[in-house]
Structures are given as structure tokens and as C-alpha cells.
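Structure assessment
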Amino acid sequence: MKTNVTLKLDIDLLREARILAAEGGSSLSALLTERLEAMVRERKAFDKARRRALERLRTGFDLQWTPPLSRDELHER
């Protein structure tokens, strides 16, 4: 379902946006729709990646590290 939106734009901005849309072979409405959809997709992808990264930090990584048995072993060369 689609709905109309009213925007208040500076006349110079509107003129440039119309030119930009015409150069791309689309309408101003299509240009704005495409850009907004891209912004929403990027935001969702960022949020998803952020949640995954935070979950990895919470669970941690198994580095398979074992501490040295003694201080001398730690400082061996």
C-alpha cells in the first residue's frame, strides 16, 4: 500500500532534485523512494551486523590458550 507525503523544499533544491531525477530517467517521487529504501536497507543491515558483533563479544572466542605452568616457563627464551 502506498501513501502520499507532502514535503516543504527550498525552490532551488527542488529544481536540482528534478534535474537529478530526469538525468536518471525517473521521476522525483521514484528517485526519493529509491533513496529512502536504500537508507532503510542500510540501516537494517547495520543493526543486524551490530547485533551479531555484540553477540560474538558476549560469547567470546576460544583462543585455545593455556597459561604457562610456572613463571620460569613464561620467561624462557
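Here the structure is a predicted model, which is why all the values come from computation and not from measurement.

Definitions and cut-offs
- Residues numbered from 1 in each chain as written.
- Predicted model: local features only at pLDDT ≥ 70, side-chain atom pairs only at ≥ 80, totals over all residues.
- Heavy atoms only, no water.
- Helix = DSSP H or I, 4+ residues; strand = E, 2+ residues; numbered from the N terminus.
- Expected span 1.5 Å × (residues − 1).
- Patch = residues over 30% accessible without salt bridge, like charges linked within 9 Å, V, L, I, M, F, W, Y side chains within 5 Å.
- Areas by Shrake-Rupley, 256 points an atom, 1.4 Å probe, with all protein chains shown as cover.
- Salt bridge = Lys/Arg side-chain N within 4 Å of Asp/Glu carboxyl O.
- Lys, Arg positive; Asp, Glu negative; His and termini not counted.
- Charge placed at Lys NZ, Arg CZ, Asp CG, Glu CD.
- Buried < 20%, exposed > 50% of the residue type's maximum accessible area, 1.4 Å probe, protein only.

Attention now moves to helix α2 (residues 28–59). Over its 32 residues, α2 extends 47 Å from the first C-alpha to the last, a length consistent with the 46 Å expected when each residue adds 1.5 Å. A positive phi of about 80 degrees marks glycine 60, the residue just after α2.

A cluster of basic side chains, namely Lys48, Arg51, Arg52 and Arg56, defines a positive patch on the protein surface. In this fold, arginine 51 is placed in helix α2.

Moving on, we get to unusual backbone geometry. In this structure, glutamine 64 is a non-glycine residue whose phi angle is positive, near 55 degrees. In this fold, glutamine 64 is placed in the loop between α2 and α3 (71–74). Glutamine 64 sits in the exposed class, given a relative accessible area of 68%.

Purely geometric stuff here, so don't read any function into it on its own.
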